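A look at the structure
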Amino acid sequence: MLNTVIEEAKEKMSKSLEHYKNELKGIRTGRASVAMFEGIKVDYYGTPTPINQVGTLSAPEPRLITIQPWEPSLIPAIEKAIMSSNLGFNPSNDGVMIRVPIPQLTEERRKEIVKLIKKMAEDAKVVIRNIRRDANENIKQLEKDKEISEDDAKKGTAKVQELTDDFIKKVDEVTALKEKDVMEI
């Protein structure tokens, strides 16, 4: 029973860390990354479709993203989706391919992005702490129902705390890497 509670907590913490990492992929750094375009939906014959499902995205240079639509008729729809995404990009096309130059970030904008990253990191830590709280409540309930001993409950709580510390450390490491990426010119 106790191992089940600990494994569930570990699995949930793992998922929340992955979610945080995926959120960070969408945050702009100084370099071009196709991950910045993941949230953009293109009007594909009346259906909002992810941009990576209507063309091939690539980053041939550090400050350029190219989009090769599978259907040339989609070029205006893709450009419109990029412009309305509030990412601040101005795409251009040559009738075959869309080029999206990635402008350099200003110092002020970099600091704003770092603040946003820190807020997202704190949110991820709160989620992990909530998982810890739920796991500890489950352990207390098992002890109360006499399914585990008091010693086992203490060991379980210590193991959950160890997991929590480990995952919070991982969130801090991921955050530090992303901040370094953003502040790099």
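Data block above holds the structure.
In this text the structure is predicted, and so the values were computed from the model without any measurement. (Residues numbered from 1 in each chain as written. Predicted model: local features only at pLDDT ≥ 70, side-chain atom pairs only at ≥ 80, totals over all residues. Heavy atoms only, no water.)

Right, let's talk about the pattern of salt bridges for a bit. Between side chains of opposite charge, a pair can form as their charged atoms come close. Per the stated rule, a full pass over the model turns up 11 salt bridges. One salt bridge in this structure joins Lys125 and Asp172, with 2.6 Å as the shortest N-O distance. Of this pair, Lys125 sits in helix α3 (residues 107-144) while Asp172 sits in helix α4 (residues 150-183), placing them 47 residues apart in sequence. On the basis of relative accessible area, Asp172 is assigned to the partly exposed category, the value being 35%. Between Asp134 and Arg133 there is a salt bridge, with the nearest N and O atoms lying 3.3 Å from each other. Taking the relative accessible area as the measure of exposure, Arg133 reaches 42% and is therefore partly exposed. Here the salt bridges share partners, and the residues they tie into one network are Arg133, Asp134 and Glu137. (Salt bridge = Lys/Arg side-chain N within 4 Å of Asp/Glu carboxyl O. Helix = DSSP H or I, 4+ residues; strand = E, 2+ residues; numbered from the N terminus. Buried < 20%, exposed > 50% of the residue type's maximum accessible area, 1.4 Å probe, protein only.)

For the rest of this paragraph, the subject is the packing of aromatic side chains. Applying the stated criterion to the full structure yields 2 aromatic pairs. Considering the side-chain rings of Phe37 and Phe89, the 5.7 Å spacing of their centres and the 20° angle between planes classify their relative orientation as stacked. Taken together, the residues Phe37 in the loop between α1 (2-25) and β1 (41-44) and Phe89 in the loop between α2 (75-83) and β5 (92-93) connect sequence positions 52 residues apart. Phe37 gets classed as buried once you look at its relative accessible area, which sits at 0%. Judged by its relative accessible area of 2%, Phe89 is buried. Residues Tyr44 and Tyr45 carry aromatic rings whose centres are separated by 4.9 Å and whose planes lie at 65° to one another, so their mutual orientation is edge-to-face. Judged by relative accessible area, which is 29%, Tyr44 ranks as partly exposed. Against the face of Phe167 rests Lys170, its NZ or CZ located 4.7 Å from the ring centre. (Phe/Tyr/Trp six-rings, centres within 6.5 Å; stacked < 30°, edge-to-face > 60°. Lys NZ or Arg CZ within 6 Å of the ring centre and 35° of its normal.)

One way to put it is that α1 packs onto α3 with a least axis distance of 10 Å and a crossing angle of 170°. On the basis of the axis angle, α1 is roughly antiparallel to α3. Between α1 and α3, the residues in contact are Leu2, Val5, Ala9, Lys12, Met13, Ser16, Tyr20, Glu23 and Leu24 and Ile117, Met120, Ala121, Ala124, Val127, Ile128, Ile131, Arg132, Ala135, Asn138, Ile139 and Leu142, respectively. Broken down by class, the residue content of the contact of α1 with α3 amounts to 16 nonpolar, 2 polar and 3 charged. (Axes fitted to C-alpha atoms, helices over the stretch in contact; angles between N-to-C directions. Parallel < 35°, antiparallel > 145°, perpendicular 65-115°, else oblique. Contact = heavy atoms within 4.5 Å. Nonpolar A, V, L, I, M, F, W, Y, C, P; charged D, E, K, R; others polar.)

The next point concerns the sheet that holds strand β6 (residues 98-101). With respect to topology, 4 strands assemble into an open sheet ordered β3-β4-β6-β5, the strand pairing being antiparallel. A strand with exactly one partner marks an edge of an open sheet, and here the two such strands are β3 (55-61) and β5. Both β3 and strand β4 (residues 64-69) contribute to a ladder of 5 bridges, which runs antiparallel. For Leu57, the partnering residue across the bridge sits in β4 and is Ile67. (Pairing = 2+ DSSP bridges.)

Within soluble globular proteins, side chains that are nonpolar tend to cluster in buried spots. With 30 residues, the main nonpolar core has Tyr20, Leu24, Ile117, Ile139 and Val171 as its most contacted residues. Those elements giving two or more residues to this core turn out to be α1, α3 and α4. Looking at this core, the element that brings in the most residues is α3, giving 11 residues. Leaving out residues up to four positions away in the same chain, Ile117 has contacts with Tyr20, Leu24, Ile27, Thr175, Lys178, Glu179 and Val182. By size, the runner-up hydrophobic cluster in this structure holds 19 residues, among which are Ile65, Ile67, Ala81 and Phe89. (Core = buried A, V, L, I, M, F, W, Y, C linked by side-chain atoms within 4.5 Å.)

Remember, this is a structural readout, not a statement about activity or role.
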